[in-house]
Amino acid sequence: MGIYKIIILVFLMVFNADARPISYSGGTTIMYKSDTFNDSIYLHYSPTYKYSIGLERAKNKFYKSTENYFRFTYLVNRKNTDISQRNLYFQSGVLVDDADGFFYGMHGDWETRRWFSGFGYKDTKNTFGQDYTDQYIQLGVAPYVGDYGDLHTWIMIKTKKNSLTNTQSTYPELKFFKGSTLVKFGYSDKTEWDLHLMYRF
Amino acid sequence: MGFTPYVQILKKGELMKKILLTLLLASPLAWAEQDHANMHDHSHEGHLHDTMVDGKNLDVSAERFDAFMNELTNVNVAVVSVKGMVCDFCARDHANMHDHSHEGHLHDTMVDGKNLDVSAERFDAFMNELTNVNVAVVSVKGMVCDFCARGIAKTFEKDKTVQKIDVDLDNGKVLIAYSKSKDINYSEIEKKILSNGQSMSDLQILEI
């Protein structure tokens, strides 16, 4: 615990910008992510359209440790237009069994039905090793514009950097979603598979 | 015998339709008794829709009425307000507007002058097997993906008066078929859209 958590808390209480759900109000989401650094499963619930709370269990491949986080994500700002949507999120998490371990960061995106761009930054304060940051930028295009209920496809390119492993990699990703299910995967010879599964109910 | 459809939107986002179907029938108008044997000896400009002696607002433009009465003599005029006559084609066709297809006209000729922007095929498919409903056509900003729209559908599905929902991502529209008994409310729909994180920019209600 310390000044960082107080700052985070103040940050969350001060921001009252117009925002939207992480999921829709009352929605629950489960996701699984796997990359060269982490395997994690994350369950979150959105009481309103402005934030979500959840639990994440992550296996840190670098430190060979297992971490359980309480997580809180807040949609700081959203801009809706007829053809696009822009979002800015604050994300945070604190270890369930050790409040000195936590992370916080921002991520955002802008998308139309055809184009997508996104970024993310996360700073992790580690209790059993070195602190580190994760950053990424992502661009995508939909090869076709599907109707409601269709299978939707995105071709993306992502570049990401982790300060702990000191690796930066750029690689293609494919994202598919249909109904309430999303699957995304990418591959790089440096970081190998990057997999993301999500189901919303 | 003839008729002239006329529609007026009374407040933003709400398709409050009034059609004045003028028929050469009974029901004489009070001003006619006061003023004329031949009602074409004067223009109705400036008074027809303002000062009806029964105190009601007739909502027919003087120009329209004058054009209608042109060369007519010895007649009385009935002015009938009709709900549900949402487009020109319907006005020509209907007792039940869904006895015909909306192909090719639904998004072109809404009588309120607005462009509905829903394809005729989509609307016909949506209305298939639906009876006794009114349809809310909601324009939504920020509905850029299927995932976003899914939340909207789930939110409205909780309402027991909702019979059917369709999402038109291309045009940013949500079609909601409500039971006739439901009083479709602008702010209620707006709140539900907002609760999903999008914003509503317009609402049209098709009374069917």
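For the structure, check the block above.
Worth saying up front: this structure is predicted, and the values here are computed from it rather than measured.

Conventions adopted
Residues numbered from 1 in each chain as written. Chains lettered and ligands numbered in written order. Predicted model: local features only at pLDDT ≥ 70, side-chain atom pairs only at ≥ 80, totals over all residues. Heavy atoms only, no water. Helix = DSSP H or I, 4+ residues; strand = E, 2+ residues; numbered from the N terminus. Buried < 20%, exposed > 50% of the residue type's maximum accessible area, 1.4 Å probe, protein only. Contact = heavy atoms within 4.5 Å. Buried area = accessible area lost by both parts, 1.4 Å probe. Salt bridge = Lys/Arg side-chain N within 4 Å of Asp/Glu carboxyl O. Polar contact = N/O pair within 3.5 Å; in protein donor to acceptor, adjacent residues only side chain to side chain. Nonpolar A, V, L, I, M, F, W, Y, C, P; charged D, E, K, R; others polar. Lys, Arg positive; Asp, Glu negative; His and termini not counted.

> Looking at this structure, I do not really get the overall build of chain A. What am I missing?
The helix and strand tally for chain A stands at one helix and 12 strands. Walking chain A from its N terminus toward its C terminus, one meets helices and strands in the order α-β-β-β-β-β-β-β-β-β-β-β-β. In chain A, which comprises 201 residues, the proportion classed as buried is 47%. Considering only intrachain contacts with a sequence separation of at least 6, the fraction spanning at least 24 residues in chain A is 40%.

> How should I be thinking about the interface of chain A and chain B in this particular structure?
Accessible area lost upon the coming together of the parts is a frequently used measure of interface size. The partner chain B presents 24 residues to the 30 residues of chain A that form the contact. For the pair chain A and chain B, the summed buried area comes to about 2300 Å², and 53% of that belongs to carbon and sulfur atoms. For chain A, the biggest contributors to the area lost against chain B are Y24, R113 and Y148 of chain A; these three give 33% of the whole. A salt bridge links R113 of chain A to D170 of chain B; its shortest N-O distance comes to 2.5 Å. Applying the counting criterion to the chain A and chain B interface returns 11 residue pairs in polar contact (both at pLDDT 80 or more). Put simply, the parts of the chain that give the side of chain A that touches chain B at least two residues each are β4 (65–80), β11 (181–188) and β12 (192–200) of chain A. For the side of chain A that touches chain B, a count of residues per class yields 10 nonpolar, 12 polar and eight charged.

> Mind showing me how you'd approach the side chain of E173 of chain A here?
Residue and element names in this part refer to chain A. If you trace the backbone, E173 turns up in strand β10 (residues 167–178). Nearest to the buried, unbridged E173 among oppositely charged side chains is K184, at 4.0 Å. Here Q138 takes part through its side chain, which lies 2.6 Å from a polar atom of the side chain of E173. Excluding anything up to four places from it in sequence, E173 contacts Q138, W154, I155, M156, K158, K184, F185, G186 and D194.

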